[in-house]
Amino acid sequence: MQIQLKEKLWAFIVHNNPELMFNLQEDYSVTNYLDSKVKDIMPLAEQLLSENRPGYVVEELCLEQMTEELKPSRYHYLLSILEEEFTADYERLRESGTLTYEVVNLIAYCKDIFDGYGFNSTNEEDRQLRYTVIGQVHEYLN
């Protein structure tokens, strides 16, 4: 089960948090990160298995717990803003193959805004946050 949890966690990170993926790869700490997260979740997994929960349910519940701090995805938030508000730039970056790279750069560029708002699932729909981020993206692109 540990191998499946590591694989699912890594797939989640690659899809939803490429900035974390790049940082872990740059620091050569992917294995340590995944091992640590899975080790921390194993007591829950063992408890759920002892309750005779199906393996796929245990995996999903553990994955949910392991990824809680990674949500919502700043990457997907910025990607949607680019696609909706800066369509020409979005298409240009997508076609050039640099979209993921530039969105990861935007995450760093908008870090203070995200941190200042305490970006989370309850405020990701906040209009003021969105407008502030749009302004920052505009500044980055120009």
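Residues numbered from 1 in each chain as written. Predicted model: local features only at pLDDT ≥ 70, side-chain atom pairs only at ≥ 80, totals over all residues. Heavy atoms only, no water.

J.: Before we go on, may I ask you to explain helix α3 (residues 30-50) in this structure?
T.: Residues three or four positions apart in an α-helix share a direction because the helix packs 3.6 residues into each turn. A rise of 1.5 Å per residue sets the reference length of α3, with its 21 residues, at 30 Å; its end C-alpha atoms lie 30 Å apart and thus fit the reference within 8%. Of all the bends in α3, the greatest reaches close to 40° and is centred on M42; the proline P43 follows between one and four positions later. Listing the buried residues of α3 in full gives V30, Y33, L34, K37, V38, I41, M42, A45 and L48. The inward-facing, buried residues of α3 contact α1 (2-16), α2 (18-26) and α4 (55-67). Where α3 terminates, the next one or two residues include N52, which has phi positive at roughly 65°. (Helix = DSSP H or I, 4+ residues; strand = E, 2+ residues; numbered from the N terminus. Expected span 1.5 Å × (residues − 1). Bend = angle between axes of the 7 residues up to and from the residue. Buried < 20%, exposed > 50% of the residue type's maximum accessible area, 1.4 Å probe, protein only. Contact = heavy atoms within 4.5 Å.)

J.: Please explain the pattern of salt bridges as it appears in this structure.
T.: Two side chains bearing opposite charge may form a pair once their charged atoms approach each other closely. Tallying each qualifying case throughout the model produces 12 salt bridges. Between D35 and K6 there is a salt bridge whose closest N-O contact spans 2.5 Å. Of this pair, D35 sits in helix α3 while K6 sits in helix α1, placing them 29 residues apart in sequence. We classify K6 as partly exposed; its relative accessible area is 26%. Each of K8, E59 and E60 takes part in a single network of salt bridges with overlapping partners. (Salt bridge = Lys/Arg side-chain N within 4 Å of Asp/Glu carboxyl O.)

J.: Please explain the nonpolar core as it appears in this structure.
T.: Soluble globular proteins tend to bury their nonpolar side chains together. L78, L82, V133 and V137 are the most contacted members of the largest nonpolar core, which has 21 residues in total. Only α5 (74-85), α6 (87-96), α7 (99-109), α8 (111-117) and α9 (127-141) provide two or more residues apiece to this core. If one sorts the elements of this core by residue count, α5 sits on top with 6 residues. Excluding its chain neighbours within four sequence positions, the residues that come into contact with V133 are Y77, L78, I81, C110, I113 and F114. One finds L9, F12, I13 and L48 within the second-largest nonpolar core, a separate group that totals 20 residues. (Core = buried A, V, L, I, M, F, W, Y, C linked by side-chain atoms within 4.5 Å.)

J.: Explain the packing of α3 against α4 to me, please; I cannot follow it from the model alone.
T.: Interaxial distance between α3 and α4 falls to 10 Å at its minimum, and their mutual angle equals 145°. Where α3 crosses over α4, the two elements pack in a sense that is right-handed. Facing α3, whose interface residues are K37, V38, I41, L44, A45, L48 and L49, α4 presents V58, L61, C62, Q65 and M66. For the contact of α3 with α4, a count of residues per class yields 10 nonpolar, 1 polar and 1 charged. (Axes fitted to C-alpha atoms, helices over the stretch in contact; angles between N-to-C directions. Left-handed = near helix turned anticlockwise from the far one by under 90°. Nonpolar A, V, L, I, M, F, W, Y, C, P; charged D, E, K, R; others polar.)

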